[in-house]
Amino acid sequence: MGNDRRLIRVLKGESLNPPPLWMMRQAGRYLPEYRQVRKKAGSFLDLCYDPDLAVEVTMQPIRRFGFDASILFSDILVVPHALGRDLRFEEGKGPLMTPIRAEEIAELDYSEFHQRLAPVYETVSRLRRTLPSETTLIGFCGAPWTVATYMIAGHGTPDQAPARLFAYKEPEAMDRLIGLLADISADYLSRQIEAGADTVQIFDSWAGVLGEEEFERFCVKPVARMVATIRERHPDIAVIGFPKGAGSRFDGYRAATGVDGLGLDWTVPLSQARRLQGDGAVQGNLDPLRLVAGGESLRTGVDRILGELSEGPLIFNLGHGITPHTPIAHVEEMVALVRGRA
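Residues numbered from 1 in each chain as written. Predicted model: local features only at pLDDT ≥ 70, side-chain atom pairs only at ≥ 80, totals over all residues. Heavy atoms only, no water.

Some details on unusual backbone geometry
In this chain, asparagine 17 is followed by proline 18 through a cis amide linkage whose omega measures 0°. By the element assignment, proline 18 lies in the loop between helix H1 (6-11) and helix H2 (32-41). Residue asparagine 285 is bonded to the preceding glycine 284 through a cis peptide linkage, with omega at -15°. The topology assignment puts asparagine 285 in strand E8 (residues 282-286). One non-glycine residue with positive phi stands out, namely arginine 25, at about 60°. For arginine 25, the position within the fold is in the loop between H1 and H2. Located in the positive-phi region is glutamine 160, a residue other than glycine, with phi close to 50°. You can see glutamine 160 is positioned in the loop between helix H9 (144-153) and helix H10 (161-169). (Helix = DSSP H or I, 4+ residues; strand = E, 2+ residues; numbered from the N terminus.)

Regarding the pairing of E8
The buried fraction of E8 is high, at five of five residues. Of the strand pairs in this sheet, strand E7 (residues 261-263) and E8 are connected by two bridges, and their pairing is parallel. Each bridged residue has a counterpart across the sheet, and for glycine 263 the counterpart in E8 is glutamine 283. Considered for its hand, the β-α-β crossover made up of E7, helix H14 (residues 270-276) and E8 is right-handed. Where E8 and strand E9 (residues 314-318) come together, five bridges link them in parallel fashion. Directly across from leucine 286, in E9, lies its bridge partner leucine 318. (Buried < 20%, exposed > 50% of the residue type's maximum accessible area, 1.4 Å probe, protein only. Pairing = 2+ DSSP bridges. Right-handed = clockwise from strand over helix to strand, strands pointing away.)

A closer look at helix H4 (residues 51-65)
Spanning 15 residues, H4 covers 22 Å between terminal C-alpha atoms, matching the ideal 21 Å at 1.5 Å per step. The largest bend in H4 is about 25°, located at methionine 59, with the proline proline 61 one to four residues further on. Taken across its 15 residues, H4 has eleven buried, putting it largely inside the fold. Taken together, the buried positions of H4 are Pro51, Leu53, Ala54, Val55, Val57, Thr58, Met59, Gln60, Pro61, Ile62 and Phe65. (Expected span 1.5 Å × (residues − 1). Bend = angle between axes of the 7 residues up to and from the residue.)

Some words on helix H12 (residues 212-233)
Across its 22 residues, H12 extends 31 Å between first and last C-alpha, which sits within 8% of the 32 Å expected from 1.5 Å per residue. Approximately 25° is the largest bend angle found in H12, and it occurs at valine 220, with the proline proline 222 only one to four residues beyond.

Some points on the UniProt feature "binding site: substrate" (unreviewed entry) in the protein chain
Residues annotated by UniProt as "binding site: substrate" (unreviewed entry) correspond here to Arg25, Gln26, Ala27, Gly28, Arg29, Asp75, Tyr150, Ser205 and His320. An extended arrangement is adopted by the annotated residues: their sequence extent is 296 residues, and the largest C-alpha distance between any two is 22.8 Å. Lining the largest pocket, from the residues named above, are Arg25, Gln26, Ala27, Gly28, Arg29, Asp75, Tyr150, Ser205 and His320. Looking at where serine 205 falls in the secondary structure, it is placed in the loop between strand E5 (199-204) and H12. Taking relative accessible area as the criterion, serine 205 reaches 22% and is therefore assigned partly exposed. Beyond its immediate chain neighbours, meaning those up to four positions away, serine 205 contacts Thr146, Phe242 and Lys244. (UniProt positions renumbered as here; feature names shortened; annotations may be inferred. 1 Å grid on protein atoms, 1.4 Å probe; cavity = no way out; pocket = protein on both sides within 12 Å on 5 of 7 lines; lining within 4 Å. Contact = heavy atoms within 4.5 Å.)

Concerning the environment of leucine 108
Relative to the helices and strands, leucine 108 is located in the loop between helix H6 (102-105) and helix H7 (113-116). Separated by 143 residues in sequence, leucine 108 and aspartate 251 have C-alpha atoms that sit 35 Å apart. Look past the residues within four positions of leucine 108 in its chain and what remains in contact with it is Leu83, Arg85, Ile100, Met151, Leu177 and Leu180.

Regarding the layout of surface pockets
What the largest pocket holds in volume is close to 1,400 Å³. What lines the largest pocket is a set of 39 residues, among which Arg25, Arg29, Phe44, Asp75 and Phe89 lie closest to the centre. For the lining of the largest pocket, the elements supplying multiple residues, two or more each, are H2, strand E2 (88-90) and strand E3 (94-96). Ranked by residues supplied to the lining of the largest pocket, first place goes to H2 with three residues. (Points joined across faces, edges and corners; volume = space filled by probe spheres on them.)

A word on the pairing of E9
With five of five residues buried, E9 is to be regarded as a mostly interior element. Neither face of E9 is exposed, since Leu314, Phe316 and Leu318 on one face and Ile315 and Asn317 on the opposite face are all buried.

Points about the side chain of arginine 128
Mapped onto the secondary structure, arginine 128 falls in helix H8 (residues 118-130). Among the polar contacts listed, one links the side chain of arginine 128 to the backbone oxygen of proline 132, at a separation of 3.0 Å. Setting aside its immediate chain neighbours within four residues, arginine 128 contacts Arg5, Ser133, Thr135, Thr136, Leu137, Gly196 and Asp198. (Polar contact = N/O pair within 3.5 Å; in protein donor to acceptor, adjacent residues only side chain to side chain.)

Quick word on the packing of H8 against helix H11 (residues 171-195)
The geometry of H8 relative to H11 is characterised by a closest axis approach of 8 Å and an angle of 35° between their N-to-C directions. Remark: the crossing between H8 and H11 carries right-handed chirality. The segment H8 lies against H11, with Val120, Tyr121, Val124 and Ser125 engaging Tyr188, Arg191, Gln192 and Ala195. Residues of the contact of H8 with H11, tallied by class, amount to five nonpolar, two polar and one charged. (Axes fitted to C-alpha atoms, helices over the stretch in contact; angles between N-to-C directions. Left-handed = near helix turned anticlockwise from the far one by under 90°. Nonpolar A, V, L, I, M, F, W, Y, C, P; charged D, E, K, R; others polar.)

A short note on the packing of aromatic side chains
How two aromatic rings sit relative to each other is given by the distance of their centres and the angle of their planes. Inspection of the entire model under this criterion finds eleven aromatic pairs. On the basis of an interplanar angle of 55° and a centroid distance of 5.8 Å, the ring pair of tyrosine 34 and phenylalanine 73 is categorised as tilted. Residue tyrosine 34 is found in helix H2, and its partner phenylalanine 73 is found in the loop between strand E1 (69-71) and helix H5 (78-82); the two are separated by 39 residues along the sequence. The same class applies to tyrosine 34 as to phenylalanine 73, namely buried. Geometrically, the ring pair formed by phenylalanine 215 and tyrosine 253 is tilted, given 6.3 Å between the ring centres and 50° between the ring planes. (Phe/Tyr/Trp six-rings, centres within 6.5 Å; stacked < 30°, edge-to-face > 60°.)

Below, the structure written as structure tokens:
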């Protein structure tokens, strides 16, 4: 691993000025070159499973903006897809699946799991060879709870009520599903690391909808299980956790799960973020809509984060993924502001 990968240095506890910078969903629809490749691919899943095209779209924001990190282009739902569940993406609707029934969970077949995901591992391997040596390559997966919510509902919902109800009515089936997802997702991340990923991020996009007991049961414990497996196999690899919407529960999340870096959404107060830096790196947390708005809103948001968090280990990022209608000029301005060239 290159010693010049600034994001890895921060994950190990260093404070760098300017901080390393990347964006969640940085390869995406806000880029015209991405839209051209997406059209060529035919479907979103075809794009995810085509190493040539996946490498191309992953490289696009690196060429444009010179970010300090590149994240594998894929989707969190390739995991259930590799378990044999149906999956399709429809414009304006997002991912659609057939909802899983409690009795089907014990029948999930992972015998061909890694074979089905071989194109993803090939993409990771090619990316590490293609990226500049100083650019960190981030692998990722969805956290068990978040992936389970889509498997149970068959689509995203405002508060993931179907999955929460399923957990109350079918607790044993839910524990079985969460446990399976934790184990195979840890394997998935381990394979990405073996293929060349320098670090990995676990996205728990729906952590914020759970009560205290359920958060511990479905978010904290499964991620801790995953981190322990990864650390046993790859002791030098740092893990980033992103329990979006966790609020006050961010305070104990790092210690309870063992993650090295803590991704923060835009609702986290900077005073809390500064306190969290006492235990290690934080990542975030600019509101993506400030990036859309640009101008004074963008400058103020960047200045506040840098003013409050620059003395500790910080990875500058958005508090969630970049939105498709973000002007490219605003991204360029953000990069300049963070790197002190504006």
